[in-house]
Amino acid sequence: MHDDCQFCRIVAGERAAHVLYEDERTLAFLDENPATTGHTLVVPRTHVAEVATADEPTAAAVFETVRTVATALESVLEPDGFSVFHTSGPLVGNVDHAHAHLVPRRTDDDVRLSLSRGSLEPDEAADLTGRVRSVL
Ligand SMILES: [Zn+2]
């Protein structure tokens, strides 16, 4: 546990949170600054900075908990859909404890997850595909 990490303190029960679900590897609780009703954070119990590149059991557990809680939120809130995302590295906010956002969505909500998108260039795509596949 990192004493200065607010998510570690929630996991340890030293900081209050509205916990929706917990198991041996993960905890899911309501975000203190929700984008929508039911905005939930899913965190591993262990302090790791990255979900996507964490050890396989940890990463799998986080996304399994996202699925479990999404199913419950679907039943309770009947949203129009969900946005699920996580951010890591220097782009992350003020908590470096890996977390996935589970955001119930409505077609008329104010959430904006905009991406400035380009076109996939065939040569670049073939090169990248080859490089990634070579390490898998
Ligand atoms: Zn932590």
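One can find the structure itself at the top, above this paragraph.
The numbers attached to residues start from 1 for each chain and follow its sequence in the written order. Reporting of local features is limited, given that this is a predicted model, to residues whose pLDDT is at least 70; pairs of side-chain atoms are given and counted only at 80 or more, and all residues count toward the totals for whole chains, interfaces and linings. Hydrogen atoms and water are omitted, and side-chain values are computed over all heavy atoms in the structure.

Peer 1: Would you mind going over the coordination of the zinc ion with me for this structure?
Peer 2: Between any two of four tetrahedral donors, the ideal angle at the metal is 109.5 degrees; between two of six octahedral donors, it is 90 or 180 degrees. Note on donors: an N, O or S atom is included if it sits within 2.8 Å of the metal, or within 3.2 Å for Na, K and Ca, and water is never included, so sites can look incomplete. At the metal site, the zinc ion is ligated by Cys5 (SG), Cys8 (SG), His47 (ND1) and His97 (ND1), and these contacts range over 2.0 to 2.3 Å. When the donor residues of the zinc ion are listed from N- to C-terminus, their spacing reads C-x2-C-x38-H-x49-H. Of this pair, cysteine 5 sits in the segment before α1 (6-11) while histidine 97 sits in the loop between β4 (81-85) and β5 (100-105), and the two are 92 residues apart along the sequence. Residues cysteine 5 and histidine 97 agree in their burial class; the two are buried. Counting from the N terminus, the helices are DSSP H or I runs at least four residues long and the strands are E runs at least two residues long. Burial classes follow relative accessibility: with a 1.4 Å probe on protein chains only, a residue under 20% of its type's maximum area counts as buried, one over 50% as exposed, and anything between as partly exposed.

Peer 1: What am I meant to see in the layout of surface pockets here?
Peer 2: To find leftover empty space, one rolls a probe the size of a water molecule over the atoms. Taken as a whole, the largest pocket spans an internal volume of roughly 310 Å³. Lining the largest pocket are 20 residues, and of these Phe7, Asp31, Leu41, His99 and His101 sit closest to its centre. Breaking the lining of the largest pocket down by element, the ones donating at least two residues are α1 and β2 (26-30). With three residues, the top contributor of residues to the lining of the largest pocket is α1. Per-class residue counts for the lining of the largest pocket are nine nonpolar, eight polar and three charged. Only protein atoms enter the 1 Å grid used here. Points where a 1.4 Å probe fits but cannot escape make up a cavity, open sets with protein on both sides within 12 Å along at least five of seven lines make up a pocket, and a residue lines them when an atom lies within 4 Å of a point. Grid points are joined across faces, edges and corners, and a volume is the space filled by probe spheres set on the points. Three categories are distinguished: nonpolar for Ala, Val, Leu, Ile, Met, Phe, Trp, Tyr, Cys and Pro, charged for Asp, Glu, Lys and Arg, and polar for the others, with Gly belonging to the last.

Peer 1: How should helix α2 (residues 56-77) be read in this particular structure?
Peer 2: Since the α-helix packs 3.6 residues into each turn, any two residues three or four apart lie on the same face. Given a rise of 1.5 Å per residue, 22 residues ought to cover 32 Å, and the 31 Å separating the end C-alpha atoms of α2 matches this to within 8%. For α2, the complete set of buried residues consists of Thr58, Ala59, Ala61, Val62, Thr65, Val66, Val69, Ala70 and Leu73. Throughout, a contact is declared for two residues whenever any of their heavy atoms are within 4.5 Å. Looking at the buried positions of α2, the neighbouring elements they touch are β1 (19-22), β2, β3 (40-44), β4 and β5. Among the residues trailing α2, glutamate 78 stands out with phi positive, at a value near 50 degrees. One fewer than the residue count of a helix, multiplied by 1.5 Å, yields its expected span.

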